[in-house]
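Structural overview
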Amino acid sequence: MFDKEKVKGASIGVKFCGYDLQSPFIVGSGPLTYGSEGMIRAYQAGVGAVVTKTIRLGAAINPAHHMAKINNEAILNCEKWADSDRFQWYEKEIPEAVKAGAIVIGSVGHTPMEAQAIVEDVEKAGAHIIELVSYTEDTLLPMLDYAKAHVNIPVICKLSGNWPDAAATAKKCYEHGADGICAIDSIGPTLMIDVEKRAPVMMSNDGYGWMTGAPIKPISMRINSQITRNIPGYKNLYGTGGVMKADDAIEYLMIGCNAVGICSVGILKGLDYVEKMCYQLSDRLAQLGFSSIQEAMGVALPNFPSTENITDMGFHYEPGKCTKCGRCETVCCYNARKVEFPEMKLDRTLCRSCGLCADVCPTHALTSFVEEQSAENAKRAAASKEFDALVKEQSPKLLEH
Ligand SMILES: Cc1cc2nc3c(=O)[nH]c(=O)nc-3n(C[C@H](O)[C@H](O)[C@H](O)COP(=O)(O)O)c2cc1C
């Protein structure tokens, strides 16, 4: 059971859509929130809010097998929406979770017709916020228009990282009156083959499924940063995808997200781990010099580069921290790095300043920093720019990738 008294470092409470959340973690719509018991357990583990499994007109019937482990930090699934009747959500699941103290976000999918049939009942059932989820922007916006005109609680929209420009959709959602955004949903379709069975692992109608967990975090981070960097006045944005530990959550906060969604971590590691993550978030923020979540929000935004950094990488090495594991040497594709303990050698003529050797050091014995640009590197930077200009002239789209 989450105990506020055990929060020893930075304060971790946040405001979201006008509500005070005990932590920035919002359990995303999924199997952890299949009903009131799951939502209450998550709330007791310290999460700030819970999103119901997506409610639709008909209850889902899921195939067996519909959830599989890709690795310890990632899941493949072809699970559909809520497998219980929508009236059960209005009469039992939502009211029970609200009564237990949870901030409940009612997830409603996936078509305008369903939004019309469901959103008002979800509000009446006591949900604090509505989250709309759909397959395309064309269907999401009419759902939003209807919800905004017919309910008095905040309405947020969930975006898919599979859409060509999810940040542009976020902008439209705000223009249509959305009170907040969740980015992103699962990534896919994706495929996994069971080599023993010689068959796809997912028993969906085509064998494909959707990926969640650590591998989708960089995609979600990019989309969330496009929202925070390009939409002035964005609000109530919760970044979702691949949060497996406190530092992942801090990354989302540092690019300006107001809260952080979690799903796979709670499934793979359990809610006890989520509770620990709340305390760890507090400790880690304090260690980084922050006394609250608010202080950390958006601090990385001024540090995005505006131009490519063509210079050399400098390195620090502390033999006292080195375990002689040799990972730095292994990952050097150019054979520039050699551990000759207690010395750390680098052949500057071979090194390309990629930075990976320091990045893989498990104890931070080897760290990197960016050196001032030398006259020689300034020449290389100019040559690189010239080449880019030439490519752009001939093929304007190419440099976008
Ligand atoms: C098994 C499973 C079922 C899910 N079901 C839903 C759902 O019904 N509605 C929805 O909006 N998102 C659903 N999601 C997506 C999650 O809410 C979340 O956006 C996604 O898992 C990314 O977060 P994560 O990397 O922390 O897992 C589901 C995810 C998983 C793993």
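Conventions we followed
Residues numbered from 1 in each chain as written. Predicted model: local features only at pLDDT ≥ 70, side-chain atom pairs only at ≥ 80, totals over all residues. Heavy atoms only, no water. Helix = DSSP H or I, 4+ residues; strand = E, 2+ residues; numbered from the N terminus. Rg over C-alpha atoms; globule rule 2.2 N^0.38 Å. Buried < 20%, exposed > 50% of the residue type's maximum accessible area, 1.4 Å probe, protein only. Contact = heavy atoms within 4.5 Å. Areas by Shrake-Rupley, 256 points an atom, 1.4 Å probe, with all protein chains shown as cover. Lys, Arg positive; Asp, Glu negative; His and termini not counted. Charge placed at Lys NZ, Arg CZ, Asp CG, Glu CD. Pairing = 2+ DSSP bridges. Axes fitted to C-alpha atoms, helices over the stretch in contact; angles between N-to-C directions. Domains from an automatic or database assignment. Near = heavy atom within 4 Å. Polar contact = N/O pair within 3.5 Å; in protein donor to acceptor, adjacent residues only side chain to side chain. Nonpolar A, V, L, I, M, F, W, Y, C, P; charged D, E, K, R; others polar. Patch = residues over 30% accessible without salt bridge, like charges linked within 9 Å, V, L, I, M, F, W, Y side chains within 5 Å. Salt bridge = Lys/Arg side-chain N within 4 Å of Asp/Glu carboxyl O. Phe/Tyr/Trp six-rings, centres within 6.5 Å; stacked < 30°, edge-to-face > 60°. Parallel < 35°, antiparallel > 145°, perpendicular 65-115°, else oblique. Left-handed = near helix turned anticlockwise from the far one by under 90°.

**A look at the overall build of the protein chain**
Scanning the protein chain from terminus to terminus reveals 13 helices and 20 strands. Relative to the compact-globule value of 21 Å for 401 residues, the protein chain shows a C-alpha radius of gyration of 24 Å, a close match. With respect to the three principal axes, the spread of C-alpha positions in the protein chain is 70 × 55 × 50 Å. Within the protein chain, the fraction of its 401 residues that count as buried is 47%. Put simply, of all contacts in the protein chain between residues at least 6 apart along the chain, 69% involve residues at least 24 apart. Carbon and sulfur atoms provide 53% of the accessible area of the protein chain, an area that totals close to 19800 Å². Averaging the locations of the 40 positively and 48 negatively charged side chains of the protein chain gives two centres separated by 3 Å.

**Quick notes on the sheet that holds strand S7 (residues 104-110)**
Pairing is parallel around the closed barrel formed by 8 strands, whose spatial order is S3-S4-S7-S8-S9-S10-S15-S16. Taken pair by pair, the neighbouring strands of this sheet meet at an average axis angle of 25°, ignoring direction. Its contacts with the sheet place helix H3 (residues 112-124) against S7 and strand S8 (129-134), and it is angled at close to 170° to S7.

**Points about the domain arrangement of the protein chain**
For the protein chain, the domain assignment lists domain 1 (4-302) and domain 2 (305-394). Taking only C-alpha atoms, the centre of domain 1 and the centre of domain 2 are 37 Å apart.

**Observations concerning the site of the ligand**
The immediate surroundings of the ligand are formed by 26 residues, with Ser29, Lys53, Thr54, Gly242 and Ser264 found nearest. Lys158 is positioned with one of its side-chain polar atoms (N or O) 2.8 Å from an oxygen atom of the ligand. Between the ligand and Gly242 there is a distance of 2.7 Å, counted from an oxygen atom to a backbone nitrogen or oxygen. For the ligand, whose free accessible area comes to 610 Å², the fraction covered by protein is 97%. Among the elements of the structure, strand S14 (209-213) and helix H8 (264-269) are those that each provide at least two residues to the shell around the ligand. When its residues are assigned to classes, the shell around the ligand shows 9 nonpolar, 12 polar and 5 charged.

**Re a nonpolar patch on the surface**
A cluster of nonpolar side chains, namely Leu191, Ile193, Val195 and Tyr208, defines an oily patch on the protein surface of about 420 Å² accessible area. In this structure, Ile193 sits in strand S12 (residues 193-194). Judged by relative accessible area, which is 46%, Ile193 ranks as partly exposed.

**Side note on the packing of aromatic side chains**
According to the stated counting rule, one finds 3 aromatic pairs in the structure shown. A centroid spacing of 5.5 Å and a plane angle of 20° characterise the contact between Phe2 and Tyr279, whose relative ring orientation is stacked. Of this pair, Phe2 sits in the segment before strand S1 (14-16) while Tyr279 is found in helix H9 (residues 271-287), placing the two residues 277 residues apart along the sequence. Judged by relative accessible area, which is 13%, Tyr279 ranks as buried. Judged by centre distance (5.7 Å) and plane angle (85°), the ring pair of Phe87 and Tyr90 falls under edge-to-face. Taken as a pair, Phe87 and Tyr90 lie in helix H2 (residues 86-99) at a separation of 3 residues, close to a single helical turn. For Tyr90, a relative accessible area of 11% corresponds to the buried category.

**So, the pattern of salt bridges**
Under the criterion given, the structure shown has 17 salt bridges. We note a salt bridge from Glu79 to Lys53, for which the minimum N-O separation is 2.6 Å. In this pair, Glu79 is assigned in the loop between strand S6 (74-77) and H2 and Lys53 in the loop between strand S4 (49-51) and strand S5 (67-71), connecting sequence segments 26 residues apart. Like Lys53, Glu79 is buried. The partner of Asp121 in a salt bridge is Lys124, and the shortest N-O contact between them spans 3.6 Å. Residue Asp121 and its partner Lys124 are both found in helix H3; the two are separated by 3 residues, about one turn of the helix. Through salt bridges with shared partners, one network takes in Lys217, Lys245, Asp248 and Glu251.

**Overview of the packing of helix H1 (residues 36-44) against H2**
Two elements in contact, H1 and H2, have axes whose closest approach is 8 Å; the angle formed by their N-to-C orientations is 10°. The orientation of H1 relative to H2 falls into the category roughly parallel. In the crossing of H1 with H2, the sense of the turn from one axis to the other is right-handed. Between H1 and H2, the residues in contact are Ser36, Glu37, Met39 and Ile40 and Trp89, Lys92, Glu93, Glu96 and Ala97, respectively. Looking at side-chain class alone, the contact of H1 with H2 contains 4 nonpolar, 1 polar and 4 charged residues.

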